[in-house]
Amino acid sequence: IYQQTEKFATFSETIIGSVKGMLNEPVIPFLNHIHQPCLVIFGENDQLIPNRFVHPLMNVHVIGDIARQKIRKAAVHYFSQCGHYVPFEKPHEFSDELRQFFLSTED
């Protein structure tokens, strides 16, 4: 259903631009500058991150481990049977995970 909406097409174009930006300027060297609590999410079947042509030996778990190492207050969550578009593919589970994360970081 979501894939057939105009909003999904616009979102997809935005993602393509973001991927191009990440390839032109990698973000890993800047992750240690993030000091606030951070939720890092991945679909376990993501076909965009890591890029299999640029990083053929990496997978989402390797990238998640890098996030845990570089971001002091990182929480990493993987969604099974899910690709790159977690909010579209698993909207309820995604919302639940966000809610739990925000509740856990309240002062």
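Here goes a summary of the coordinates provided. Bear in mind the structure is a predicted one, so any value in this text is a computation, not a measurement. (Residues numbered from 1 in each chain as written. Predicted model: local features only at pLDDT ≥ 70, side-chain atom pairs only at ≥ 80, totals over all residues. Heavy atoms only, no water.)

### A closer look at the layout of surface pockets
Quick reminder of the rule: The method works on a 1 Å grid over the protein atoms by themselves. A cavity is a set of points holding a 1.4 Å probe that cannot get out, a pocket is an open set with protein on both sides within 12 Å along at least five of seven lines, and residues with an atom within 4 Å of a point line them. Grid points are joined across faces, edges and corners, and a volume is the space filled by probe spheres set on the points. Labels follow the DSSP assignment, with helices taken as runs of H or I lasting at least four residues and strands as runs of E lasting at least two, numbered in each case from the N terminus. Classes in brief: Ala, Val, Leu, Ile, Met, Phe, Trp, Tyr, Cys and Pro nonpolar; Asp, Glu, Lys and Arg charged; the others, Gly included, polar.
Here the largest pocket defines a volume of roughly 830 Å³. Forming the boundary of the largest pocket are 31 residues, of which Met 22, Val 27, Phe 42, Ile 49 and Ile 63 lie nearest the centre. Listing elements by their share of the lining of the largest pocket, those giving two or more residues are helix 1 (6-24), strand 1 (38-43), helix 2 (60-70) and helix 3 (86-89). For the lining of the largest pocket, the element with the most residues is strand 1, which contributes 6 residues. Of the residues belonging to the lining of the largest pocket, the class tally is 25 nonpolar, 5 polar and 1 charged.

### Thoughts on the side chain of Asp 46
Just so we agree on the cut-off: Relative accessibility thresholds used throughout: buried, under 20% of the residue-type maximum; exposed, over 50%; partly exposed, between the two (1.4 Å probe, protein chains only). Asp and Glu count as negative and Lys and Arg as positive, but His and the ends of the chain are not part of the count. What makes a salt bridge here is a side-chain nitrogen of Lys or Arg within 4 Å of a carboxyl oxygen of Asp or Glu, nothing more. In protein, a polar contact means a hydrogen-donor-capable atom and an acceptor-capable atom, both N or O and within 3.5 Å, with residues adjacent in sequence counting only if both atoms are side-chain atoms; elsewhere, any N or O pair within 3.5 Å suffices. Any two residues whose heavy atoms approach within 4.5 Å at even a single point are treated as in contact.
Turning to its location among the elements, Asp 46 is positioned in the loop between strand 1 and helix 2. Salt bridges are absent for the buried Asp 46, whose nearest opposite-charge side chain, Arg 52, sits at 8.5 Å. Only 2.7 Å separates the side chain of Asp 46 from the side chain of His 84, close enough to count as a polar contact. Aside from chain neighbours lying at most four places away, what touches Asp 46 is Val 60, Cys 82, Gly 83 and His 84.

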